[in-house]
Amino acid sequence: QVQLVESEGGWVQPGDSLRLSCVASGLFFANYHMAWFRQAPGKERTFVVASINAGGEAYMNSVRSRVTISRNNANSTVFLQMDNLSPKDTGVYYCAAREGGGTYNPSDPAGYDYWGQGTHVIVSS
């Protein structure tokens, strides 16, 4: 059984940084593309950043300068580092996994095989 478990988000102030993690189990992690999506209140789930299984990343342009994704294949963990947070970053953050192979569009949520349950991040003063 595949599980993706995100770390706890929480409340942060504007300008703060936050690091989320997602631990995967039940899959061969190194074979998977890993991504983070965000769902703001009342809005659709949107792509933030992805880590390609063979190396490299894909970013949503609007967050490229503030977001870093990294992964530790030995520990089956992917990390999301977000800096200079603003209220616009508030939402539920989801970890997603897609097995490598085929045509991969990182920003398409329909292309992912597995999802975490999400973790809430609130950016507010």
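What counts and how
Residues numbered from 1 in each chain as written. Predicted model: local features only at pLDDT ≥ 70, side-chain atom pairs only at ≥ 80, totals over all residues. Heavy atoms only, no water. Helix = DSSP H or I, 4+ residues; strand = E, 2+ residues; numbered from the N terminus. Rg over C-alpha atoms; globule rule 2.2 N^0.38 Å. Buried < 20%, exposed > 50% of the residue type's maximum accessible area, 1.4 Å probe, protein only. Contact = heavy atoms within 4.5 Å. Areas by Shrake-Rupley, 256 points an atom, 1.4 Å probe, with all protein chains shown as cover. Lys, Arg positive; Asp, Glu negative; His and termini not counted. Charge placed at Lys NZ, Arg CZ, Asp CG, Glu CD. Pairing = 2+ DSSP bridges. Axes fitted to C-alpha atoms, helices over the stretch in contact; angles between N-to-C directions. Salt bridge = Lys/Arg side-chain N within 4 Å of Asp/Glu carboxyl O. Phe/Tyr/Trp six-rings, centres within 6.5 Å; stacked < 30°, edge-to-face > 60°. Lys NZ or Arg CZ within 6 Å of the ring centre and 35° of its normal.

A. Molecular detail of the overall build of the protein. If you tally the helices and strands in the protein, you get zero helices and eleven strands. Element order for the protein, N to C, with α for helix and β for strand: β-β-β-β-β-β-β-β-β-β-β. At 14 Å, the protein has a C-alpha radius of gyration in line with the 14 Å of a compact globule built from 125 residues. With respect to the three principal axes, the spread of C-alpha positions in the protein is 40 × 25 × 25 Å. For the protein, the proportion of its 125 residues judged to be buried stands at 44%. Sequence-distant contacts in the protein: of pairs separated by 6 or more residues, those separated by 24 or more amount to 61%. Summed over its atoms, the accessible surface of the protein is roughly 6500 Å², and 45% of this surface lies on carbon and sulfur atoms. The averaged location of the 10 negative side-chain charges in the protein is 5 Å from the averaged location of its 9 positive side-chain charges.

B. Broad picture of the sheet that holds strand 8 (residues 77–82). Spatial ordering of the open sheet is given by 1-3-8-7, a layout of four strands whose pairing is antiparallel. Among the strands making up the open sheet, the edge pair consists of strand 1 (3–6) and strand 7 (67–72). Strand-to-strand twist in this sheet, taken as the mean axis angle between neighbours without regard to direction, amounts to 15°. As paired strands, strand 7 and strand 8 are joined by six bridges and run antiparallel to one another. By the bridge assignment for strand 8, Asn72 is matched with Thr77.

C. Expanded view of the pattern of salt bridges. Evaluation of the coordinates by the stated rule reveals two salt bridges. The salt bridge involving Asp89 is made with Arg66; its shortest N-O contact spans 2.9 Å. A residue pair is termed long-range when its members are at least 10 positions apart, and Asp89 in the loop between strand 8 and strand 9 (91–99) and Arg66 in the loop between strand 6 (57–59) and strand 7 qualify at 23 residues. Across the pair, exposure class does not vary: Asp89 and Arg66 are buried alike.

D. Examining the pairing of strand 3 (residues 18–25) more closely. Looking at chain direction, strand 1 and strand 3 are connected through four bridges and run antiparallel. Residue pairing in the sheet places Leu4 in a bridge with Ala24 of strand 3. In this structure, strand 3 lies alongside strand 8, joined through six bridges in antiparallel fashion. Counterpart to Leu18 in the pairing with strand 8 is Met82.

E. Broad picture of the packing of aromatic side chains. Throughout the structure, instances matching the rule amount to seven aromatic pairs. Relative to Tyr114, the ring of Tyr32 lies with its centre 6.3 Å away and its plane at 45°, an arrangement referred to as tilted. You can see Tyr32 sitting in strand 4 (residues 32–39) and its partner Tyr114 sitting in strand 10 (residues 114–115), a full 82 residues away along the chain. Residue class for Tyr114 comes out partly exposed when judged on its relative accessible area of 32%. Each ring, one from Tyr104 and one from Tyr112, has its centre 5.9 Å from the other, and the planes form 80°; the classification is edge-to-face. We note that Tyr104, like Tyr112, is buried. Counting every residue linked through ring pairs, the aromatic cluster contains Phe37, Phe47, Tyr94, Tyr104, Tyr112 and Trp115. Here the guanidinium or amino end of Arg19 rests over the ring plane of Phe79, the centre of that ring lying 4.0 Å away.

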